[in-house]
Amino acid sequence: MRLNSRPSLLFLLTIVTAAGMARPAHAQSFIDSWQDRVNRTQAEQPRWVTPLVTVTPRLEQELRTDFTRQITPAHTDTWTYGNGKGLELIPARRIELLFNVPPYIQHNTATGKDGFGDTTFLFKYRIYASNEKNNNAILTAFLGGSIPTGSYSNGSTDASVTPTLAGGKGIGPFDVQTTLGATLPVANSNKLGRPIAWNTALQWKADPHWWPEVEFNSTFYKGGPNDGKTQNFVTPGIVARYPLHHRLGVTLGAGIQIATSEFHTYDHGLTFTARMPF
């Protein structure tokens, strides 16, 4: 199944939405009301930066795209463009919705067929938040999902849901953000398994713009072809965030995933991220 037009259409819609959100204050009262609510919502929570891999428990409103390169056990490079990122919106005080563009996967092998991966989305509900002037902490529940729209074998055979609990705590210029969730296929779970993902990011606000970090990205496989195995990466990286105009900004980051477990499906995975908060 080919989806060449769908990602392009979704990307165009996200650009149009972001442009509308960034218009001057006198443009539209609906936009004014929306952005005022977003400002109030984000003022209630810590102003940390979103890590490279770990999904932040904070509520964000931005456009995002990531690029990854993974070296497989066969020593081939697999590139993923977009990496399942897209548009993030805050439609209500405690809620964030993420609409993600299917990633494009390039295998660089004679047998692998390049193509788009699955469509994913995420719903966040912020249970508790306290900014840096108070407890500097946050607790959020996620509910993610995927639809098997991948071309060739670049996605799953079945849809899935991913409930996750995320939290974070800051102390001075340091913060820790962590998530724990499980991917639950809606069918063929014995074949696909139910992997549990635990991601933790330790960050340091070196100055107002630069955030060096190290992440620990672990997957515990339950069922499926890798049943009983554990995969772990240590991911050093850095993220930089700069304001542009009012709410508009740019965030760039890079890091490398280094396998520390005996079992791993790839190693030395480069990760690049580009985001535009609005």
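What this report covers is the structure whose coordinates are included nearby. Being a predicted model, the structure only gives us computed values, none of them experimental.

### A look at helix 2 (residues 29–43)
Right, on to step 1. Relative to the 21 Å expected for 15 residues at 1.5 Å per residue, helix 2 spans 21 Å between its end C-alpha atoms, a close match to the ideal helical length.
Right, on to step 2. Where helix 2 is concerned, the buried positions are Ile31, Trp34, Gln35, Arg37, Val38, Thr41 and Gln42. Down the axis of helix 2, the sector holding all buried residues measures 155°, keeping them to one side. Pointing more than 90 degrees away from the buried face of helix 2 are the exposed residues Ser29 and Arg40.

### Some points on the side chain of threonine 119
Right, on to step 1. Relative to the assigned elements, threonine 119 resides in strand 7 (residues 119–130).
Right, on to step 2. Judged by its relative accessible area of 17%, threonine 119 falls in the buried class.
Right, on to step 3. Side chain to side chain, threonine 119 and threonine 149 meet in a polar contact 2.9 Å long.
Right, on to step 4. Residue contacts for threonine 119: discarding those within four places in its chain leaves Asn100, Pro102, Gly145, Ser146, Ile147 and Thr149.

### Digging into a nonpolar patch on the surface
Right, on to step 1. A surface patch of nonpolar side chains, amounting to about 820 Å² of accessible area, comprises Phe123, Tyr125, Ile127, Tyr128, Leu139, Leu143, Val161, Leu165, Leu184 and Val186.
Right, on to step 2. Only strand 7, strand 8 (137–147) and strand 9 (160–171) provide two or more residues apiece to the nonpolar patch.
Right, on to step 3. By secondary structure assignment, the location of tyrosine 128 is in strand 7.
Right, on to step 4. Residue classification places tyrosine 128 among the partly exposed residues on the basis of a relative accessible area of 35%.

Basis of the calculations
- Residues numbered from 1 in each chain as written.
- Predicted model: local features only at pLDDT ≥ 70, side-chain atom pairs only at ≥ 80, totals over all residues.
- Heavy atoms only, no water.
- Helix = DSSP H or I, 4+ residues; strand = E, 2+ residues; numbered from the N terminus.
- Expected span 1.5 Å × (residues − 1).
- Buried < 20%, exposed > 50% of the residue type's maximum accessible area, 1.4 Å probe, protein only.
- Arc of directions from axis to C-beta.
- Polar contact = N/O pair within 3.5 Å; in protein donor to acceptor, adjacent residues only side chain to side chain.
- Contact = heavy atoms within 4.5 Å.
- Patch = residues over 30% accessible without salt bridge, like charges linked within 9 Å, V, L, I, M, F, W, Y side chains within 5 Å.
- Areas by Shrake-Rupley, 256 points an atom, 1.4 Å probe, with all protein chains shown as cover.
- Salt bridge = Lys/Arg side-chain N within 4 Å of Asp/Glu carboxyl O.

Purely geometric stuff here, so don't read any function into it on its own.
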